[in-house]
Amino acid sequence: MTINLTLLVLMGALFAIGIYLLLERSLTRVLLGIILISNAVNLLLLQTAGRAGLAPLYDPEIPAEDYLDPLPQALLLTAIVIAFALVSFMLALIYRSWVLARQDELADDEEDRRVASYAGAYDAEEDAAVEDETTEFADETDAVGRPMLNPRRGADEDAPDPGNGPATAERGER
């Protein structure tokens, strides 16, 4: 059995980067980590297949060591299907998290904080409180205090007429 050193180094790098990305709080980075680890597993299964050989069709004149083992190929196809299902599931979780909370980062829960307090792992900079909504589009009013337009309908019902309507005439503006 021949071993390709380049594929082994690439596989190790994919595993290392994938595990690093899995430890992040952003779900998008977790998804990228899962993709990299699944590709590293595919390379691992490819390496276990060994050298290329003859198709596994029985012929009495061919010795057994000349055949190619079909099991790693079947495992590789299975790993591809499982990785696709896992990536699809993670994409659904990321989409749902974005629709509900407008963020793709996971927040600490009470149990995480309790365990961290026992271990003394509190970092004042990293564990500081984060605002609930960090986007600039979350306010109901703009910087001057005027009500914002309704993003779904294009305008609010009680918004003043921007033209020469009665609201403009009362203020004496043109």
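These numbers come from a predicted model, not from an experiment.

**Observations concerning the overall build of the protein**
When you go through the protein residue by residue, the secondary structure sums to five helices and zero strands. Starting at the N terminus and walking to the C terminus, you meet the elements of the protein as α-α-α-α-α. For the protein, with 174 residues in total, the buried portion stands at 17%. Look at the contacts in the protein between residues 6 or more apart in sequence, and 49% of them connect residues 24 or more apart. With an accessible surface of roughly 14000 Å², the protein has 61% of that area assigned to carbon and sulfur atoms.

**With respect to the packing of helix 2 (residues 27–48) against helix 3 (residues 71–101)**
The N-to-C vectors of helix 2 and helix 3 enclose an angle of 180 degrees; their axes lie 10 Å apart at closest approach. Taken together, the axis directions place helix 2 and helix 3 in an arrangement best described as roughly antiparallel. Considered class by class, the residues forming the contact of helix 2 with helix 3 number 18 nonpolar, five polar and no charged.

**Brief notes about the side chain of S26**
Within the secondary structure, S26 sits in the loop between helix 1 (5–22) and helix 2. Not counting residues up to four positions away in its chain, the partners in contact with S26 are D104 and E105.

**Section: the pattern of salt bridges**
Evaluation of the coordinates by the stated rule reveals one salt bridge. E24 is paired through a salt bridge with R29; the nearest N and O atoms lie 3.5 Å apart.

**Structural notes on helix 3**
Given 3.6 residues per turn, any residue in an α-helix points the same way as the ones three and four places further on. With 31 residues, helix 3 should cover 45 Å at 1.5 Å per step; its first-to-last C-alpha distance of 44 Å lies within 8% of that length. Those residues of helix 3 that sit buried are P72, A79, A83, V87, M90, I94 and S97. On its buried side, helix 3 packs onto helix 2. Just beyond helix 3, the residue with positive phi is R102, at close to 55 degrees.

**A closer look at a nonpolar patch on the surface**
The grouping of L86, F89 and L93 at the surface amounts to a nonpolar patch, some 270 Å² of accessible area in total. Turning to its location among the elements, L86 is positioned in helix 3. Of the residues examined, L86 reaches a relative accessible area of 38% and is grouped as partly exposed.

**A look at the confidence of the model for the protein**
For the protein, the mean per-residue pLDDT works out to 75, and 63% of the residues sit at or above 70. Note that pLDDT drops below 50 for residues 151–156; the model gives that stretch seven contacts with residues more than four away or on any other chain.

**A word on helix 2**
Spanning 22 residues, helix 2 covers 31 Å between terminal C-alpha atoms, matching the ideal 32 Å at 1.5 Å per step. Of the residues making up helix 2, those classed as buried are L27, V30, L31, G33, I34, I37, S38, A40, N42, L43, L45 and Q47. Following helix 2 by one or two positions, G50 adopts a phi angle in the positive range, close to 80 degrees.

**Here we look at the nonpolar core**
By size, the foremost hydrophobic cluster in this structure holds seven residues: L27, V30, L31, I34, V87, M90 and I94. Counting residues per element, the ones that place at least two in this core are helix 2 and helix 3. A per-element tally of this core places helix 2 first, with four residues. Once residues lying within four places of it in the same chain are set aside, the contact partners of M90 are L27, V30, L31 and I34.

**A few points about the packing of helix 1 against helix 2**
The geometry of helix 1 relative to helix 2 is characterised by a closest axis approach of 8 Å and an angle of 155 degrees between their N-to-C directions. Of the possible angle classes, the one that applies to helix 1 and helix 2 is roughly antiparallel. Between helix 1 and helix 2 the crossing geometry is left-handed. Split into classes, the residues belonging to the contact of helix 1 with helix 2 amount to 20 nonpolar, four polar and one charged.

Cut-offs and rules
Residues numbered from 1 in each chain as written. Predicted model: local features only at pLDDT ≥ 70, side-chain atom pairs only at ≥ 80, totals over all residues. Heavy atoms only, no water. Helix = DSSP H or I, 4+ residues; strand = E, 2+ residues; numbered from the N terminus. Buried < 20%, exposed > 50% of the residue type's maximum accessible area, 1.4 Å probe, protein only. Contact = heavy atoms within 4.5 Å. Areas by Shrake-Rupley, 256 points an atom, 1.4 Å probe, with all protein chains shown as cover. Axes fitted to C-alpha atoms, helices over the stretch in contact; angles between N-to-C directions. Parallel < 35°, antiparallel > 145°, perpendicular 65-115°, else oblique. Nonpolar A, V, L, I, M, F, W, Y, C, P; charged D, E, K, R; others polar. Salt bridge = Lys/Arg side-chain N within 4 Å of Asp/Glu carboxyl O. Expected span 1.5 Å × (residues − 1). Patch = residues over 30% accessible without salt bridge, like charges linked within 9 Å, V, L, I, M, F, W, Y side chains within 5 Å. pLDDT = per-residue confidence, 0-100. Core = buried A, V, L, I, M, F, W, Y, C linked by side-chain atoms within 4.5 Å. Left-handed = near helix turned anticlockwise from the far one by under 90°.

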